[in-house]
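# Reading the structure
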Amino acid sequence: TIDNAHPHKNCTDTLAVAHNGIVENHCLLRDELLANGHSFSSETDSEVIPHLIEENMASGMSLIPACRLAFKRLEGSQAILVLSLDAPTTLIATHIGNAGGIALATRHKEALLASDVSALMSFSNRVLTLNSGELLIADPGESTILDLNGETIDRKPRRVSLKSTTKSKRGYKHFMI
């Protein structure tokens, strides 16, 4: 339904989240958030994510720590992308468990995230991939990877070739179509 379609937002429409996976403890989290005054517009497990981040920010946390703490509370496998009006040029992503991965390609102060490296090949041949339990902060011209405890992980983008990807575009100009 339209109500259950991504992106999912928080109460004040300042956070948007796209999510692939299952939040196994979403009922418990939803009940907690409802008790704290949050209102939901969908019936999906995904919508608890922006509300958890919002709850953390309301307690005084800035965006990145609020995301890290929210992600640590999620049970199950997740691939999550967060965008905030407070930091409109920053993309935050995480990969937890065995849900689809996250790959980042950058070019000329632009960043593109996808769940598969093949989707990025027409944009750039240098990609950065996340491992489970990592958080990516992508800003124009730079990106940082943290673990969910906030420790920086030093990883450089790797070069990939079209031969190293096995998927076909099946006649489309690029994978994002």
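Residues numbered from 1 in each chain as written. Predicted model: local features only at pLDDT ≥ 70, side-chain atom pairs only at ≥ 80, totals over all residues. Heavy atoms only, no water.

Attention now goes to the packing of helix α1 (residues 26-35) against helix α2 (residues 48-58). Across the interface, α1 lies against α2 with an axial gap of 10 Å and an inter-helix angle of 45°. Viewed along their axes, α1 and α2 adopt a mutual orientation that is oblique. Relative to α2, the crossing made by α1 is left-handed. Residue-level contacts link H26, L29, R30 and L33 of α1 to V48, H51, L52 and E55 of α2. Of the residues belonging to the contact of α1 with α2, the class tally is four nonpolar, two polar and two charged. (Axes fitted to C-alpha atoms, helices over the stretch in contact; angles between N-to-C directions. Helix = DSSP H or I, 4+ residues; strand = E, 2+ residues; numbered from the N terminus. Parallel < 35°, antiparallel > 145°, perpendicular 65-115°, else oblique. Left-handed = near helix turned anticlockwise from the far one by under 90°. Contact = heavy atoms within 4.5 Å. Nonpolar A, V, L, I, M, F, W, Y, C, P; charged D, E, K, R; others polar.)

Before going further, it helps to examine the nonpolar core. Ranked by size, the top nonpolar core spans 24 residues in total, and within it I49, I53, C67, F71, L74, V82 and L135 carry the most contacts. Within the residue set of this core, elements represented by two or more residues are β2 (15-21), α1, α2, α3 (63-73), β3 (78-84), β4 (87-96) and β8 (134-139). Looking at this core element by element, the count peaks at five residues for α3. (Core = buried A, V, L, I, M, F, W, Y, C linked by side-chain atoms within 4.5 Å. Buried < 20%, exposed > 50% of the residue type's maximum accessible area, 1.4 Å probe, protein only.)

Let us now look at the side chain of T44. Checked against the element boundaries, T44 lands in the loop between α1 and α2. Looking at T44, its side chain comes within polar contact range of the side chain of H8, at 3.3 Å. Beyond its immediate chain neighbours, meaning those up to four positions away, T44 contacts N4, H8 and R30. (Polar contact = N/O pair within 3.5 Å; in protein donor to acceptor, adjacent residues only side chain to side chain.)

With that settled, consider the environment of E43. As for its position among the elements, E43 is in the loop between α1 and α2. Along the sequence, E43 and D3 sit 40 residues apart, while their C-alpha atoms lie 8.0 Å from each other.

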